[in-house]
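One-letter residues, chain by chain:
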Amino acid sequence: MKYIKSNYKFILVILSIMLLFLIEFPYYIETPGGIDNMQDRIEIDGYEIEGSFNVAYVREYRATIPTLIISLLNKNWDVIKEDDVLLENESVDDYITRDKLFMKESISNAIYVAYTKAEKQIKVLDTNSVILYIDKNSDTNLKVGDTILEIEGNKITNKEDIVEIIKKYNIGDKLNFKVKNSNKEYNRYAKVIELENEKKLGILLVTLNEYEANPSINVKIEDNESGSSAGLIAALTIYNNLVKEDITHGLTIVGTGTIDINGNVGSIGGVSYKLKSAEAEGADIFLVPKGENYEEAIKIKKEKKYKIKIIGVSTFEEAIEYLTKIR
């Protein structure tokens, strides 16, 4: 007690500083994050690569008093409302889980697309249907992140299985689920509801495949990483390990864009941050999805007088075709 009485002012200062950093506001801070060499994440017995394929990323912080103050002083720090980040009926934890699932899906798709294009052996061993989002109109105790194992005793191997089961039931019927989450199994339920004039459960799913590939591959994902925008670059990096020709041609290539199982490249957010990072790191080429992303990147390049070459692609095939022809 004597120590506290004699040092109470100092203790109050420390507590005040801690509160400054701990109190969070309903905003996010977004900033250019930099670039990462995707080759460092891939474990595979592949060919030598002279250049590099790099993922450009965005740093995202929860808003606190210090970060809000910095955002006022730094033009590269933008404040985003939490409502503009979260979906309706979504908690912050659900948002974090959703974004991590998106990344797992992008890597899963990238592996399949790259091996298929390189004509290497790849076989789907298992397909997991994982809950990504739950609609506010749903009547269920399912959780975001649940992997659906069974519905009414029927094993689930893909999304189509779920659709076919729902067709057999009426609106208001309660279906029993067996799911897995964090390596534990749970019994849950969901009622059939009417959405958009159709029988549904009010959930969105993401498909995660497990493969047997030759040569074998492992892609390392850090705990703090999320989002689907690494899909294109991941696929290009894996492909470049599987073929003799080095399509980097010794260049530093940065890119962004989602990729689906068919090799289609999808749009992403944060183009301005990612382009700034690519330019700052002296990259030679910036690959970006065609459409609004490409148009935004070109506009920024002209305004900032960037030197980097910007290439828009809509498919994995287009990216390969462009890179193969570089001399």
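These remarks concern the structure in this document. Note that this is a predicted model, so its numbers are computed, not measured. (Residues numbered from 1 in each chain as written. Predicted model: local features only at pLDDT ≥ 70, side-chain atom pairs only at ≥ 80, totals over all residues. Heavy atoms only, no water.)

A count of helical and extended segments in the protein chain gives 9 helices and 18 strands. Along the first, second and third principal axes, the C-alpha set of the protein chain runs to 70 × 60 × 40 Å. Within the protein chain, the proportion of its 327 residues that are buried is 44%. Within the structure as shown, the protein chain displays about 18200 Å² of accessible surface, and the carbon and sulfur contribution to it stands at 48%. Between the mean site of the 42 positive side-chain charges and the mean site of the 52 negative ones, the protein chain shows a separation of 4 Å. (Helix = DSSP H or I, 4+ residues; strand = E, 2+ residues; numbered from the N terminus. Buried < 20%, exposed > 50% of the residue type's maximum accessible area, 1.4 Å probe, protein only. Areas by Shrake-Rupley, 256 points an atom, 1.4 Å probe, with all protein chains shown as cover. Lys, Arg positive; Asp, Glu negative; His and termini not counted. Charge placed at Lys NZ, Arg CZ, Asp CG, Glu CD.)

All told, the structure shown has 11 salt bridges when counted by the stated rule. Of the charged contacts, one joins Asp146 and Arg188 as a salt bridge, the two residues approaching to 2.7 Å between their closest N and O atoms. Placement of Asp146 in the loop between β5 (121-134) and β6 (147-151) and of Arg188 in strand β9 (residues 184-191) is noted, with a sequence separation of 42 residues between them. Given a relative accessible area of 0%, Asp146 falls into the buried group. Here Glu196 and Lys200 are joined by a salt bridge, their closest N and O atoms 3.1 Å apart. According to the relative accessible area criterion, Glu196 is exposed, its value standing at 66%. (Salt bridge = Lys/Arg side-chain N within 4 Å of Asp/Glu carboxyl O.)

Enumeration according to the criterion identifies 2 aromatic pairs in this entry. Positioned above the aromatic ring of Tyr189, the side-chain terminus of Lys174 is 4.5 Å from the ring centre. When the ring centre of Tyr186 is taken as origin, the NZ or CZ atom of Arg188, which lies over that ring, is 4.6 Å away. (Phe/Tyr/Trp six-rings, centres within 6.5 Å; stacked < 30°, edge-to-face > 60°. Lys NZ or Arg CZ within 6 Å of the ring centre and 35° of its normal.)

The subject of this paragraph is the environment of Val113. When you line up the elements, Val113 lands in helix α4 (residues 92-117). In the structure, Val113 is positioned 165 residues away from Ala278 in sequence and 25 Å away in space, judged by C-alpha atoms. Sequence-distant contacts of Val113, defined by excluding residues within four places in its chain, comprise Ile259, Asp260, Ile261, Gly263 and Phe316. (Contact = heavy atoms within 4.5 Å.)

What follows deals with the side chain of Thr258. Of note, Thr258 is situated in strand β15 (residues 258-259). Within polar-contact distance, the side chain of Thr258 engages the backbone nitrogen of Gly266 at 3.0 Å. Apart from the residues within four sequence positions on either side, Thr258 is in contact with Ser228, Ser229, Leu232, Asn264, Val265, Gly266, Ser267 and Ile268. (Polar contact = N/O pair within 3.5 Å; in protein donor to acceptor, adjacent residues only side chain to side chain.)

Before going further, it helps to examine the packing of helix α7 (residues 271-280) against helix α8 (residues 292-304). It is at 10 Å that the axes of α7 and α8 come closest, and there the two elements cross at 50°. Our classification of the angle between α7 and α8 gives oblique. The interaxial crossing formed by α7 with α8 has right-handed handedness. The segment α7 lies against α8, with Val271, Ser272 and Leu275 engaging Asn293, Glu296, Ala297, Ile300 and Lys301. (Axes fitted to C-alpha atoms, helices over the stretch in contact; angles between N-to-C directions. Parallel < 35°, antiparallel > 145°, perpendicular 65-115°, else oblique. Left-handed = near helix turned anticlockwise from the far one by under 90°.)

As for its placement among the helices and strands, Asn264 is situated in the loop between β15 and β16 (265-266). Note on Asn264: relative accessible area 35%, which makes it partly exposed. It is 8.6 Å that separates the C-alpha atoms of Asn264 and Glu317, two residues lying 53 residues apart in sequence. Those residues in contact with Asn264, other than ones at most four positions away along the chain, are Thr258, Ile259, Ser314 and Thr315.

Moving on, we come to the environment of Glu212. Within the fold, Glu212 resides in strand β12 (residues 203-214). Sequence separation between Glu212 and Leu72 is 140 residues, and the spatial gap between their C-alpha atoms is 50 Å. Apart from the residues lying within four places of it in its own chain, the contact partners of Glu212 are Gln121, Ile122, Lys123 and Leu125.

The next subject is unusual backbone geometry. In this structure, Pro215 follows Asn214 across a cis peptide bond, with omega equal to 5°. Its location among the elements puts Pro215 in the loop between β12 and β13 (217-219). The backbone phi angle of Glu196 is positive, close to 55°, even though this residue is not glycine. Relative to the helices and strands, Glu196 is located in the loop between β10 (193-195) and β11 (198-200). The phi dihedral of Lys305 is positive, around 60°, even though this residue is not glycine.

What follows concerns the pairing of strand β8 (residues 174-181). Along β8, the buried face is formed by Leu175, Phe177, Val179 and Asn181; none of Lys174, Asn176, Lys178 and Lys180, which line the opposite face, is buried. Strand direction decides the pairing type here: β6 and β8, joined by 4 bridges, are antiparallel. When the bridges of β8 are listed, Ile151 appears paired with Phe177. Two elements, β8 and β9, share 8 bridges in a ladder whose sense is antiparallel. Each residue of the ladder has a partner; that of Lys180, found in β9, is Glu185. The hairpin formed by β8 and β9 contains 2 residues between the paired strands, and Ser182 there has a positive phi angle of roughly 55°. (Pairing = 2+ DSSP bridges.)

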